[in-house]
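Here is how the chains run, residue by residue.
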Amino acid sequence: SFNYTCCTATSPTHCYNVITAEARMSLLDGGAISASIRAAEAGNEADGQAVTTTSQKVVLDALTAYLQVQRFDLKKEIAHRPTEIVAELSKAAARRVALGATGENDLNMASARRASVAAREADFEAQRDEAIAKFRSYFKFTPITRNLPVLAAPPQWRIDSQAEALRRAEERSTEIAEAQGRINKAKALVEQQEASIWPTVDAVIVKSKDPRGVSPQDPTRTALELSWNFGSGFDRQLRVRTAMAEVENQEAKLEGVKLNLFELTSASWSRTVSGRERERQLMEAVSTSGQAFRGRRRLLEFGRDTLPQVLDAQLEYYN
């Protein structure tokens, strides 16, 4: 620290500066400084983990937007196919009505089905446009869907059991690491408050520069200062209790983070397992319903099936 003193020893109108520099180093503080350093390090580590958590969420949202663009574009494409097929069936039904082979009810049903399918296609197109808007906000360009590579998780990423999924989630969670860092910081602050009960010893060196030698103080002084605050026991006790309460609060938050992580991981694992099984069953359903639709369509061409049954088979297949 530097002190500037204006001395008026000769005359009030003649003033000069006395410069005093003081250096102080703590030799004994009961561990308060080391505890404050640990608290700062733990706080920095927790803040770094929080930044990582935010980065992971941004990456996840960006990948989700990427996949949603492909998802709804594919849905729109699938919805467009039955629109064309229903249009062809409507033309065939119109010819049969003109020939008197059937009534107009089948034609009206085909027209209604065509409008319904077209509405679904428009709905998927709107959802795709919304996904593209989110995609643009993350990647800063408008994608051409057919040029986007298809994302797929590498086979070695597959987890074999729920227990393994929970273990990996806990081991790699930045939220748990952040919460643990907050606990370490709170514990270090408790140690810092508890250290204030002990006396402190400081080494002090003071250097003064007096151009005229008027100041009665020595130019250079060294000393050891002993400080022990006896009059703040209740205040110190309150600060310690507050710091300990913060430790308990951060530990409770850590338990909440773990419970939430385990809940999300278990739910994600269940969705993954059921999703794989659903995918397998749907592939079988698509194959079976596709064969039924194509068979009924051929029967319709030979006049051995009705248009409503063909439309129902077509709807089941594309659903």
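Small disclaimer: the values here were computed from a predicted structure and weren't measured.

Caption draft 1: Expanded view of the environment of L148. Positionally, L148 belongs in the loop between α2 (104–139) and α3 (162–172). L148 sits in the buried class, given a relative accessible area of 12%. Between the C-alpha atoms of L148 and V69, which are 79 residues apart in sequence, the distance is 9.4 Å. With residues near it in sequence (within four places) discarded, L148 still touches Y66, V69, Q70, F135 and P143.

Caption draft 2: Expanded view of the pattern of salt bridges. Here the structure, examined in full by the defined rule, presents 13 salt bridges. In this structure, D73 and R128 form a salt bridge, with 3.1 Å as the shortest nitrogen-oxygen distance. Of the two residues, D73 sits in helix α1 (residues 32–98) while R128 sits in helix α2, which places them 55 residues apart along the sequence. With respect to class, D73 is no different from R128; both count as buried. A salt bridge links E277 to R280; the nearest nitrogen and oxygen atoms lie 2.4 Å apart. Note that E277 and R280 are positioned in helix α5 (residues 233–301) at a spacing of three residues, about one turn of the helix. Within the structure, one salt-bridge network assembled from shared partners comprises E164, R167, R168 and E171.

Caption draft 3: Here's a closer look at the side chain of E121. Among the structural elements, E121 can be located in helix α2. Take E121: its relative accessible area is 12%, and that puts it in the buried class. Excluding residues that lie within four positions of it along the chain, E121 makes contacts with K76, A79, H80 and T83.

Caption draft 4: Region of the structure containing the packing of α1 against helix α6 (residues 307–318). Taken N-terminus to C-terminus, the directions of α1 and α6 make an angle of 175 degrees; their axes are 11 Å apart at the nearest point. Regarding the angle of α1 to α6, the classification is roughly antiparallel. The residues of α6 that touch α1, namely those facing I78, R81, P82, I85, V86, L89 and A93, are L307, V310, L311, Q314 and Y318. Classifying every residue of the contact of α1 with α6 gives ten nonpolar, one polar and one charged.

Caption draft 5: Inspection of α2 at higher detail. The terminal C-alpha atoms of α2, which comprises 36 residues, lie 52 Å apart, in line with the 52 Å expected from a rise of 1.5 Å per residue. The secondary structure elements touched by the buried residues of α2 are α1 and α6. Directly beyond the C-terminal end of α2, a positive phi value near 65 degrees is found at K140.

Caption draft 6: A look at the layout of surface pockets. There is about 1800 Å³ of room inside the largest pocket. Those elements giving two or more residues to the lining of the largest pocket turn out to be α1, α3, α4 (174–195) and α5. Taken together, the residues of the lining of the largest pocket sort by class into 16 nonpolar, nine polar and eight charged. If you add up the space inside the second largest pocket, you get close to 1300 Å³. Listed by contribution, the elements that provide at least two residues to the lining of the second largest pocket are α1, α2, α5 and α6. Per-element tally for the lining of the second largest pocket: the top contributor is α5, with eleven residues. The residue makeup of the lining of the second largest pocket, split by class, is 14 nonpolar, seven polar and nine charged.

Caption draft 7: Looking closely at the environment of Q49. By the secondary structure assignment, Q49 is in helix α1. When near neighbours in sequence (up to four residues on either side) are disregarded, Q49 contacts T174, A177 and E178.

Caption draft 8: Here's a closer look at the nonpolar core. Within the largest apolar cluster, eleven residues are counted, these being I85, V86, L89, A93, A110, F293, L300, L307, V310, L311 and A313. Put simply, the parts of the chain that give this core at least two residues each are α1, α5 and α6. When sequence neighbours within four positions are dropped, the list of residues in contact with A313 reads F293 and R296. Membership of the second largest hydrophobic core comes to nine residues, among which are Y66, V69, F124 and L148.

Caption draft 9: Structural detail: unusual backbone geometry. Even without glycine at this site, K140 takes up a positive phi of about 65 degrees. Locating K140 in the fold gives a position in the loop between α2 and α3. Residue class for K140 comes out exposed when judged on its relative accessible area of 67%.

Thresholds, definitions, all that
- Residues numbered from 1 in each chain as written.
- Predicted model: local features only at pLDDT ≥ 70, side-chain atom pairs only at ≥ 80, totals over all residues.
- Heavy atoms only, no water.
- Helix = DSSP H or I, 4+ residues; strand = E, 2+ residues; numbered from the N terminus.
- Buried < 20%, exposed > 50% of the residue type's maximum accessible area, 1.4 Å probe, protein only.
- Contact = heavy atoms within 4.5 Å.
- Salt bridge = Lys/Arg side-chain N within 4 Å of Asp/Glu carboxyl O.
- Axes fitted to C-alpha atoms, helices over the stretch in contact; angles between N-to-C directions.
- Parallel < 35°, antiparallel > 145°, perpendicular 65-115°, else oblique.
- Nonpolar A, V, L, I, M, F, W, Y, C, P; charged D, E, K, R; others polar.
- Expected span 1.5 Å × (residues − 1).
- 1 Å grid on protein atoms, 1.4 Å probe; cavity = no way out; pocket = protein on both sides within 12 Å on 5 of 7 lines; lining within 4 Å.
- Points joined across faces, edges and corners; volume = space filled by probe spheres on them.
- Core = buried A, V, L, I, M, F, W, Y, C linked by side-chain atoms within 4.5 Å.

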